[in-house]
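Topology and contacts: notes
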Amino acid sequence: MNLGVRWTLHGDGRTPAPGAVVRPDERLSWPRTAGLGAQHVVAMFGASFVAPVLMGLDPNLAIMMSGIATVVFLLATRGTVPSYLGCSLSFVGVAAAIRASGGSSATVTGAVLVVGAVLFLAGLAVRRFGARIIHAAMPPIVTGAVVMLIGFNLAPVTASTYWPQDQWTALLVMLFTGLAVVCLRGFWSRIAIFLGLVFGYALSWVLDLVFGKIHSMSPAGKVEDHWRLDLSGVGQADWIGLPSFHGPSFEWSAILVALPVVIALIAENAGHVKAVGEMTGDNLDDKLGTAIAADGAASVLSTAVGGPPNTTYSENIGVMAATRVYSTAAYWAAAGFALLFGLCPKFGAVVAAIPGGVLGGITVILYGMIGLLGAQIWINAGVDLRNPLNLVPAAAGIIIGVGGVKLTFTDTFELGGIALGTIVVITGYHVLRAFAPAHLKASPAEQEPLLDSGTSSYEKDSGDTAKN
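Residues numbered from 1 in each chain as written. Predicted model: local features only at pLDDT ≥ 70, side-chain atom pairs only at ≥ 80, totals over all residues. Heavy atoms only, no water.

In the annotation of an unreviewed UniProt entry, the entry for the chain reads Uracil-xanthine permease family protein, and the organism field reads Streptomyces omiyaensis. Under the UniProt heading Subcellular location (unreviewed entry), the entry covering the chain gives this text: "Membrane". A UniProt comment under Sequence similarities (unreviewed entry) is attached to the chain, and it reads "Belongs to the nucleobase:cation symporter-2 (NCS2) (TC 2.A.40) family." (UniProt positions renumbered as here; feature names shortened; annotations may be inferred.)

Observations regarding the overall build of the chain
The helix and strand inventory of the chain stands at 21 helices and eight strands. Within the span of the chain, comprising 468 residues, buried residues form 49% of the whole. Sequence separation of at least 24 residues holds for 78% of the intrachain contacts in the chain that already meet a minimum separation of 6. Looking at the chain as shown, the accessible area adds up to about 21,200 Å², and 65% of this sits on carbon and sulfur atoms. (Helix = DSSP H or I, 4+ residues; strand = E, 2+ residues; numbered from the N terminus. Buried < 20%, exposed > 50% of the residue type's maximum accessible area, 1.4 Å probe, protein only. Contact = heavy atoms within 4.5 Å. Areas by Shrake-Rupley, 256 points an atom, 1.4 Å probe, with all protein chains shown as cover.)

Details of the pattern of salt bridges
In this structure the tally under the stated criterion is three salt bridges. One salt bridge in this structure joins D166 and R228, with 3.2 Å as the shortest N-O distance. A residue pair is termed long-range when its members are at least 10 positions apart, and D166 in the loop between α7 (155-162) and α8 (167-183) and R228 in the loop between β5 (223-226) and α11 (232-236) qualify at 62 residues. Its relative accessible area of 6% is what places D166 among the buried residues. (Salt bridge = Lys/Arg side-chain N within 4 Å of Asp/Glu carboxyl O.)

Comments concerning the packing of aromatic side chains
Counted by the stated rule, this structure contains two aromatic pairs. Arranged with centres 5.9 Å apart and planes meeting at 85°, the rings of W7 and W30 form a pair that is edge-to-face. Here the residue W7 occupies a position in the segment before β1 (8-9), and W30 occupies one in helix α1 (residues 30-55), the gap between them amounting to 23 residues. Taking the ring centre of W239 as reference, the NZ or CZ of K346 above it sits at 5.2 Å. (Phe/Tyr/Trp six-rings, centres within 6.5 Å; stacked < 30°, edge-to-face > 60°. Lys NZ or Arg CZ within 6 Å of the ring centre and 35° of its normal.)

A closer look at the nonpolar core
The nonpolar side chains of a soluble globular protein tend to be buried, and buried together. With 91 residues, the main nonpolar core has M55 and Y367 as its most contacted residues. Within the second largest apolar cluster, five residues are counted, among which are V22, L28, L36 and A330. (Core = buried A, V, L, I, M, F, W, Y, C linked by side-chain atoms within 4.5 Å.)

As for helix α3 (residues 92-100)
Turning to α3, its buried residues number three or more, namely V92, G93, V94, A95 and I98. G102, located one to two residues past α3, shows a positive phi value of around 100°.

Some thoughts on the side chain of D295
With respect to the helices, strands and loops of the structure, D295 is situated in helix α14 (residues 288-304). The side chain of D295 is buried and forms no salt bridge, while R127, the nearest opposite charge, is found at 15 Å. Once residues within four sequence positions are removed from consideration, D295 is found in contact with F73, L85, L119, N269, N310, T311 and T312. (Lys, Arg positive; Asp, Glu negative; His and termini not counted.)

A short note on the packing of helix α6 (residues 140-152) against helix α19 (residues 388-403)
With their axes 9 Å apart at the nearest point, α6 and α19 run at an angle of 20° to one another. When the interaxial angle is binned, α6 and α19 end up roughly parallel. In terms of crossing hand, the pair formed by α6 and α19 is right-handed. Together, I141, A145, M148, L149 and F152 of α6 and N390, A394, G397, I398, G401 and V402 of α19 make up the contact between the two elements. Residues belonging to the contact of α6 with α19 are distributed by class as follows: eight nonpolar, three polar and no charged. (Axes fitted to C-alpha atoms, helices over the stretch in contact; angles between N-to-C directions. Parallel < 35°, antiparallel > 145°, perpendicular 65-115°, else oblique. Left-handed = near helix turned anticlockwise from the far one by under 90°. Nonpolar A, V, L, I, M, F, W, Y, C, P; charged D, E, K, R; others polar.)

Digging into α19
The terminal C-alpha atoms of α19, which comprises 16 residues, lie 21 Å apart, in line with the 22 Å expected from a rise of 1.5 Å per residue. As for α19, its buried residues are in contact with α6, α18 (356-381) and α20 (417-435). Capping of α19 at its N-terminal end is provided by N387; its side-chain oxygen lies 3.0 Å from the backbone amide nitrogen of L389. Phi turns positive one or two residues past the end of α19, at G404, with a value near 75°. (Expected span 1.5 Å × (residues − 1). Polar contact = N/O pair within 3.5 Å; in protein donor to acceptor, adjacent residues only side chain to side chain.)

Notes on the confidence of the model for the chain
Low pLDDT means the predicted coordinates in that region are not meant to be read closely. On average, residues of the chain carry a pLDDT of 81, and 89% of them reach 70 or more. Confidence drops under a pLDDT of 50 for residues 452-463, and excluding neighbours within four residues, the segment shows two contacts in the predicted structure. (pLDDT = per-residue confidence, 0-100.)

Quick notes on a nonpolar patch on the surface
Together, W205, V206, L209, V210 and F211 make up a nonpolar patch on the protein surface, roughly 560 Å² of accessible area in all. Mapped onto the secondary structure, W205 falls in helix α10 (residues 192-211). (Patch = residues over 30% accessible without salt bridge, like charges linked within 9 Å, V, L, I, M, F, W, Y side chains within 5 Å.)

A look at the packing of α10 against α18
When two helices pack together, their arrangement is given by the angle between their axes and by how far apart the axes lie. In the contact formed by α10 and α18, the axes pass within 9 Å of each other and the chain directions differ by 155°. As the angle between them shows, α10 and α18 are arranged roughly antiparallel. Classified by chirality, the crossing of α18 by α10 is right-handed. Across from I193, G196, L197, G200, Y201 and S204 in α10, the residues of α18 making contact are V358, I362 and L366. Class assignment of the residues belonging to the contact of α10 with α18 gives a composition of six nonpolar, three polar and no charged.

Regarding the side chain of E26
As for its position among the elements, E26 is in strand β2 (residues 26-27). No salt bridge is formed by the buried E26; the nearest opposite charge belongs to R23, separated by 5.8 Å. In this structure, E26 is in contact with W7, T8, H10, V21 and S327, ignoring residues within four places of it in sequence.

Written as C-alpha cells, this is what we have:
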C-alpha cells in the first residue's frame, strides 16, 4: 500500500539544478530535509501561535496537534499534496462569539469538532460527485461574502479587548508588521506576522524596563497597573511535559455559530490544492475531496482532545515557492519538530505571555486580511457587484454578520452575527436566483446593472479627454 513515505534522492541530494524542482516524491539529503522542515515550522509560527491564544486554547497543544494533523493529511493524500496543517484563524471570530455568550473552552472545541465532521463529510461528497457540487452550492459571490463577514466580525475584538491594553505598543507593532509585509521579500515576507510578534515582545520588555507598569485595561478586563510583559508563568513552567487536554461540550447555539466556517475552509482547501497543483505541474483536481476530508478528520482529532481546528497553510506555500522544494519529506520533518515543541510547556508559556498590546497591533492587520480574502475571491472570479442578484444577498449578509444583528426565537435560542449572516447570504442568493428574471442570470455583458460603474468610467473618460 502506497502511503507516500518513500522518496527518491534528488540529484546529489544537495542543491537542485538550475530550473529544476524537488518533486513531492523526492527529497534532498536528510540534514537538508530537516533544515527545510524547520523552515516550514518557522513559517507557520505566527498564525499557529496567535490563533490558539486568541481562541483561549493551549498553544502547546495547538502546535503538537498541528504536527499530528499534518501527518494525517500526508497519509490521507498519499504524499501527493505537500501541505502543512496549522491552527485555522477562520475560527477566531467563532470562538470570540461563543465565549461572549458564556461558552467555555469545551463549548468552543465541541462546536468546532462538529464543523470538522461536516467538513469531512463535504470532502467525501466532493470525492463522490466532483468539485462541481461546491460551485453549485457555494458560488464565488457566496464564498467571498462569508469569508468577508467572518473576518470583519472580529473587528470589535481588537478594538475592545487587545488595543486598549497598550495602545502605543499596538500602534508601533501594527506599523512594523505592515512594513514587514510590504517591504520584505521572499521567505521573510512570509513570516511577517511572526516578526511582528517578536518585535512587539521585545518592545514591551523594553518599555517595562524604562517606564515601569502601565495603567490600562489588563488581560482580565480591569483598568489597573500591570506589566506589559508578564513572564511569571514562564519561570513556573516545566521544560518537558504534556499539554493540557480537555473534552468537548456540545451546545446547539454554539454549533450554529461555528458551522458557517465550513464554507471558508472548503474555499481555503480548494485554493491550496489548486496552487500546489500549479506549482508542481500536477493535476490535483482528483485530490480535492481527499484533501478536504483529511482536513476535516484532522480537525476532529485535534478538537476531540481540546486543541484547535486546523487548515492548510498558505505561508508554507510561500516557502515552497521560494525554495522550489515540494518534497513531502520536509513536511514530515516539520511535523516532528512541531511535536517536540508541543511537549515543552515552557515554550507554550512564552507564547501565552504575548502582551495584549502586541496582539492588538497584529490583529488589526490579520483580521482585516482575513476579511479582504473574501474580496480577493470576488476579484479572482470576476464577480459583478452591480448585478443585484449578487449585490443584495452579499450586502445584507455582511452587514448582519459584521454588525451582530440578531433574530430571537425563544428565551434560550437566537441566531445572529456570523451564523445569521451566512444563512442570509446562502439562502438569499439561491432564493433570489430562483425568482430572478433571465437577464440577471445572463453573462455580465448582457446584464442591466443596479448600480452605476462608480468612478471607473469617470477615470477612463478623464484619461481619454487628457489624451485629446
